[in-house]
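Spelled out, the chains give:
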Amino acid sequence: MKKRILAAVVAAASVLSLAGCNKENNSGASNASGNSTPAASNNSSAANNSSAAGNSSATSTPTSTPAVDLKDDDDTLSIGVWGGNGDIAHLIDTFVEKTGTTVKVVQQATGEKGQDARDNYPDMFDDSAVDVDIIICDADWVRNYVEDDTYCIPLSDLGISKDEYTDAFPYTLDVGTGNDGVFRGATFQATPGCWFYDANLAKQYLNVESADAMQEKVKDWDTFKETAKTLNEASDGACALTATVHGLWQVYQCNRTKPWVVDGKLEIDTAADFYDIAKELHDNKGVTDETGIFEKTNYQSMQAGKAMGEFAPTWGLTGVVGSILGDAASADRMDDKAVYTAVAGPQSWYWGGSYFAVPKCCNTKKTAAEFIRFYTLNDKDGMAEYTKKFGDFMNNKKVMDAATYANPSLVGGQNHFKVIADSASKIDMNGKLTTYDSVIKDDFIDSVNKYVRGEYATKDDAIKAFKDKVRADFSDLTVE
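Residues numbered from 1 in each chain as written. Predicted model: local features only at pLDDT ≥ 70, side-chain atom pairs only at ≥ 80, totals over all residues. Heavy atoms only, no water.

Draft legend 1. Main features of the overall build of the protein chain. When its secondary structure is counted, the protein chain shows 18 helices and 13 strands. Counting the 480 residues in the protein chain, one finds 60% classified as buried. Accessible area for the protein chain stands at about 18,400 Å²; split by element, carbon and sulfur atoms hold 46% of it. (Helix = DSSP H or I, 4+ residues; strand = E, 2+ residues; numbered from the N terminus. Buried < 20%, exposed > 50% of the residue type's maximum accessible area, 1.4 Å probe, protein only. Areas by Shrake-Rupley, 256 points an atom, 1.4 Å probe, with all protein chains shown as cover.)

Draft legend 2. Representation of the packing of aromatic side chains within the structure. Tallying each qualifying case throughout the model produces 44 aromatic pairs. Ring geometry for Tyr121 and Phe125: centres 6.0 Å apart, planes at 5 degrees, overall stacked. Taken as a pair, Tyr121 and Phe125 lie in helix 3 (residues 114–126) at a separation of four residues, close to a single helical turn. This pair shows no difference in class: Tyr121 is buried, exactly as Phe125 is. Between Trp249 and Phe444, the aromatic rings sit 4.5 Å apart at their centres with planes inclined by 40 degrees, giving tilted as the arrangement. Remark: Phe444 occurs in helix 17 (residues 437–452) and Trp249 occurs in helix 9 (residues 245–252); sequence separation between them is 195 residues. Like Trp249, the residue Phe444 is buried in the burial classification. In this structure, Arg256 packs its charged tip against the face of Trp260, placed 3.8 Å from the ring centre. Over the aromatic face of Tyr451 sits the side chain of Lys279, whose NZ or CZ is 5.7 Å from the ring centroid. (Phe/Tyr/Trp six-rings, centres within 6.5 Å; stacked < 30°, edge-to-face > 60°. Lys NZ or Arg CZ within 6 Å of the ring centre and 35° of its normal.)

Draft legend 3. The arrangement of the environment of Thr230 in detail. As for its position among the elements, Thr230 is in helix 8 (residues 221–234). In sequence terms Thr230 and Asn284 are 54 residues apart; their C-alpha atoms lie 9.7 Å from each other.

Draft legend 4. Molecular detail of helix 6 (residues 199–206). When helix 6 is considered as a whole, its buried residues turn out to be Leu201, Ala202 and Leu206. Buried residues of helix 6, viewed axially, fall in a sector of 100 degrees; they line one side. Those residues of helix 6 that are buried are in contact with strand 7 (193–198), helix 7 (211–217), helix 8 and strand 11 (307–313). Where helix 6 begins, the capping side chain belongs to Asp198, and its oxygen is found 2.9 Å from the backbone nitrogen of Asn200. Asn207 lies just past helix 6 and shows a positive phi near 55 degrees. (Arc of directions from axis to C-beta. Contact = heavy atoms within 4.5 Å. Polar contact = N/O pair within 3.5 Å; in protein donor to acceptor, adjacent residues only side chain to side chain.)

Draft legend 5. Quick look at the sheet that holds strand 12 (residues 340–343). Pairing within the open sheet is mixed, and its four strands lie in the order 8-11-7-12. Two strands lie at the open edges of the sheet, namely strand 8 (240–242) and strand 12, each paired on one side alone. Between one strand and the next, the sheet's axes are offset by a mean angle of 20 degrees, whatever the strand orientation. Taken together, the four bridges between strand 7 and strand 12 define a ladder with antiparallel strand orientation. Looking at the pairing, Phe196 lines up with Ala342 of strand 12. (Pairing = 2+ DSSP bridges. Axes fitted to C-alpha atoms, helices over the stretch in contact; angles between N-to-C directions.)

Draft legend 6. Structural detail: the sheet that holds strand 6 (residues 186–187). Spatial strand order, 4-3-5-13-6: five strands in an open sheet with mixed pairing. Strands at the two margins of the open sheet, each flanked by one partner only, are strand 4 (104–109) and strand 6. Pairing of strand 6 with strand 13 (residues 354–357), which is carried by two bridges, proceeds in the antiparallel orientation. Along strand 13, the bridge assignment pairs Thr187 with Tyr355.

Draft legend 7. Spotlight on the packing of helix 2 (residues 87–99) against helix 14 (residues 380–390). The contact between helix 2 and helix 14 brings their axes to 12 Å, and the two run at 140 degrees. The orientation of helix 2 relative to helix 14 falls into the category oblique. For helix 2 against helix 14, the interelement crossing comes out right-handed. On the side of helix 2, the interface is formed by Asp87, His90, Leu91 and Lys98, while helix 14 contributes Gly382, Glu385, Tyr386 and Phe390. Classifying every residue of the contact of helix 2 with helix 14 by side-chain character gives three nonpolar, two polar and three charged. (Parallel < 35°, antiparallel > 145°, perpendicular 65-115°, else oblique. Left-handed = near helix turned anticlockwise from the far one by under 90°. Nonpolar A, V, L, I, M, F, W, Y, C, P; charged D, E, K, R; others polar.)

Draft legend 8. How the structure looks around the pairing of strand 4. With five of six residues buried, strand 4 is to be regarded as a mostly interior element. Direction of pairing for strand 3 (residues 76–81) relative to strand 4: parallel, over a ladder of six bridges. Residue pairing for strand 4: Leu77 is matched across the bridge by Val105. The handedness of the strand 3 to strand 4 crossover, carried by helix 2, is right-handed. (Right-handed = clockwise from strand over helix to strand, strands pointing away.)

Here it is, written out as structure tokens:
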């Protein structure tokens, strides 16, 4: 893969952020996904388009860690991260406290949003005045940096072997492994999701009184659509089954069987079916007209009982203000008692996740290896503690099997970890990821939203608009 120039139009705030990139960035509320919609970028590289990553790590016998002579060439470990990701501040504090390291560990500002980091990292690597030893990448675009050896080194260069991750959820290893089969990105968290719903509305309109009964009504997409029709009739159109098309898409996209790009060509695959699912649900009032999953109007719609539920991944389920579930449940209603319950929903899926990768310019390799190993392999007690404290879902099956979390926004303090743990093991992303994904997915959901709103007269018109946008964004792709 030729060196990629990620030429997105970066907001002025991001430019200012780069100008001060040697200053520590104090992060805000935790948001593992970056959440905001990526700016489209013209990407002229001829990237290899499918992953050769496999799930062998889940079954292979661990090998001994490669003997690597590592050293630090300076006394600061600088971690590149965007301002909206609050996880890293907690990770740094805990690492310093528990290891007693004498190396200074700081955040290196990349901008406020995930796409700022995605687009700004290459310039940071080339700037000798900027120190960056580890980069945090969102799952949506980590492949831009781990796909081959253009930007980041194999983790084996740090003495970290993929074979050691026997307790990790296999899909996370697929995400962090390039198309050349080299493991360059590791994550401390897994981000499977579920569907949460208002238990009182389910009882009122569907005569459903248990999570198991509700799961039966949303167990697959055909059943989900039928339940949406039933709910529409029972509520006289007052209540939709789920809140946003965006939420539906985050789930359905994990149903794809092929990557977005195959042999240099755009591959729509099963995504074409999503136009029909979204349109049918919209027309039958199975999904509300609120299309922004993080918009205030969406939460107000749920709080007002206009939507029974919503899809959310682990970082959106913590139940605190700022999470999807927490904001949906924040209104004064039902005597301030939790009304939501979580179920698996129609399929296994994930959304987001923060991955560690090490750029070639890293000059603190010894401590970089210690930091990554600490959070992704070594500190099981620390993982359990982090989960208990922050409600995060760690990338370790044994830790999560034993973990409990009394969610303040779920009925009875439901431990949603038990709902999503099984799904996490079933997610399969092997061979389905490319460097184009974050922009293409944004182009796609934009065309779907316009189709369901009637801005495109037909599905064919929507698909044509989608293809035109991809063609404009990526001159190196064949779009038929």
